[in-house]
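The primary structure of each chain is shown beneath.
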Amino acid sequence: MDFTFSEEQQAALEAAKAHFAAVAPDAVPSPALTPGAVADDFDRTLWTHLADADLLSLLLHTEYGGAGLDPIALCLVLRESARSLARIPLLENTAAATALQAHGHPDTRKELLTRAGRGELVLTVAAHGRTGHDPAELAVTARQDNDGNWTLDGIQTAVPWAHTADYVLLPAHTHDTARTVLALVPRTHPGIRLAEQYSTTGERLAELRLDSARIPARHLLDADGAWEELRLLLTTGTCALALGLAEKALEMTSRYTSGREQFGHPLATFQAVAVQAADRYIDLRAMEATLWQAAWRISSRAPGALPAAGDVATAKIWASDGLRRVVQTAQHLHGGFGADTDYPLHRYHAWAKHLELSLGPAAAHEETLGDLLAAHPLA
């Protein structure tokens, strides 16, 4: 078995490292000190640089100016972005573009995909449903009109980057047949309203309300499995973000405990400190192994004892629980210094809480995994 990354994947990783190395984690106000959003927009300068480096079009086909790579390459880039807390909708934009590429109307693909890959327009995804706990596909109803267009009604909560994205891709269920479809809606459109919400990271989220919002037929994706594919890619990408963030937090902790002395010896030489750090290193390796297993399953579509959703659920369980343990240990081993708002560690803790709960906490994915094991008993 060959676990090495391809030359193209390695090239994407090196390009990502070069661009994210210049990003300062404390470039915006601290979420701990800011009552509202830390910024009105994402990092447009970085977004332009990533577009110039073809990192926004990794999964797009060459006909749309893309590299034609797979989700593994995307996860490598996302992992690097989280290490520097890059404030960009890379995961959402790429996932939405991938769904449109696979299942979108030809006119819609021609209209949007090349521009999305160039960074000229931004796509995001609404994937948290009405409350963040119920199935996202049940939060919005889609009804086809006599003229073939579609009318949408419902609410999606905690939509990332919705205030600055050009289009939002969201799941809905059809009024008559209860099928799950994906609807592409413009940010500004009759029948669409955005209400302010905020993440623990201090970023702007939005409650998206649809009140008889009408969209053309070409903006509806009704292929079987389209929402499931999109959800699995979003969840796997979130696991990659969690891994990168956890790795950076543990690196910061290693540097701090190696340099800080107590009773004439570095903290890192104390057995209690070393044992805690070792436990968190094991968490990282488990997060990494399950991430690449999930990314490989959705990239290759290889058969397995369980559907790919089982591997993705396993990865998210480790990502949520492992990330929480890593940042808690990092805060503990930093002592009071970890809570200092002049030091970036508290930002990693705030981002970790967002990623832990995004697209479902560990308990939700444990339930999913249990259902899959019940439906597909292992021999």
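Computed from a prediction, not measured in an experiment: that's the story for all the values here.

**Student:** What am I meant to see in the overall build of the protein chain here?
**Tutor:** What the protein chain contains, in helices and strands, is ten helices and ten strands. Computed over the C-alpha atoms, the radius of gyration of the protein chain is 21 Å, within 12% of the 21 Å expected from 2.2 N^0.38 for a compact globule of 379 residues. Along the longest, intermediate and shortest principal axes, the C-alpha atoms of the protein chain span 80 × 55 × 40 Å. In the protein chain, which comprises 379 residues, the share counted as buried stands at 53%. Taking the intrachain contacts of the protein chain between residues at least 6 apart in sequence as the baseline, contacts between residues at least 24 apart amount to 74%. If the 31 positive side-chain charges of the protein chain are averaged to one point and the 46 negative ones to another, these points end up 2 Å apart.

**Student:** Looking at this structure, I do not really get the pairing of strand S6 (residues 192-198). What am I missing?
**Tutor:** Note on strand geometry: in a regular strand, side chains alternate between the two faces of the sheet. Where S6 meets strand S7 (residues 204-215), seven bridges bridge the pair, whose relative direction is antiparallel. Within S7, the position partnered with Ala 195 by the bridge is Glu 207. Hairpin connection, S6 to S7: the antiparallel pair is bridged by five residues, and Gly 202 has positive phi, about 90°.

**Student:** How should I be thinking about the environment of Phe 42 in this particular structure?
**Tutor:** With respect to the secondary-structure elements, Phe 42 resides in the loop between helix H1 (7-20) and helix H2 (44-52). Classification of Phe 42 by relative accessible area gives buried; the value is 4%. On a C-alpha basis, the gap between Phe 42 and Ala 363 in space is 31 Å, while along the polypeptide they are 321 residues apart. With residues near it in sequence (within four places) discarded, Phe 42 still touches Trp 47, Arg 87, Ile 88, Pro 89, Val 122, Trp 161 and Thr 164.

**Student:** Would you explain the packing of helix H4 (residues 90-103) against helix H6 (residues 226-259) in this entry?
**Tutor:** In helix packing, the relevant descriptors are the interaxial angle and the interaxial distance, both defined with respect to the helix axes. Across the interface, H4 lies against H6 with an axial gap of 10 Å and an inter-helix angle of 155°. Between H4 and H6, the crossing angle belongs to the class labelled roughly antiparallel. The two elements H4 and H6 cross, and the hand of that crossing is right-handed. Residues Leu 91, Glu 92, Ala 95, Ala 96, Thr 98, Ala 99 and His 103 of H4 pack against Ala 226, Glu 229, Leu 230, Leu 233, Leu 234, Gly 237, Thr 238 and Leu 241 of H6. Grouping the constituent residues of the contact of H4 with H6 by class yields nine nonpolar, four polar and two charged.

**Student:** Mind showing me how you'd approach the state of the cysteines here?
**Tutor:** By definition, a disulfide links the sulfur atoms of two cysteines through a covalent bond. As enumerated under the stated definition, the model contains zero disulfides in all. With no disulfide partner, Cys 239 has as its closest neighbouring cysteine sulfur the one in Cys 75, 8.1 Å distant. For Cys 239, a relative accessible area of 3% translates into the label buried.

**Student:** What exactly am I supposed to notice about the side chain of Thr 238 here?
**Tutor:** Looking at the element boundaries, Thr 238 is found in helix H6. With a relative accessible area of 4%, Thr 238 lands in the buried category. With residues near it in sequence (within four places) discarded, Thr 238 still touches Leu 91, Lys 316, Leu 355, Ser 358 and Leu 359.

Conventions used here
- Residues numbered from 1 in each chain as written.
- Predicted model: local features only at pLDDT ≥ 70, side-chain atom pairs only at ≥ 80, totals over all residues.
- Heavy atoms only, no water.
- Helix = DSSP H or I, 4+ residues; strand = E, 2+ residues; numbered from the N terminus.
- Rg over C-alpha atoms; globule rule 2.2 N^0.38 Å.
- Buried < 20%, exposed > 50% of the residue type's maximum accessible area, 1.4 Å probe, protein only.
- Contact = heavy atoms within 4.5 Å.
- Lys, Arg positive; Asp, Glu negative; His and termini not counted.
- Charge placed at Lys NZ, Arg CZ, Asp CG, Glu CD.
- Pairing = 2+ DSSP bridges.
- Axes fitted to C-alpha atoms, helices over the stretch in contact; angles between N-to-C directions.
- Parallel < 35°, antiparallel > 145°, perpendicular 65-115°, else oblique.
- Left-handed = near helix turned anticlockwise from the far one by under 90°.
- Nonpolar A, V, L, I, M, F, W, Y, C, P; charged D, E, K, R; others polar.
- Disulfide = S-S within 2.5 Å.

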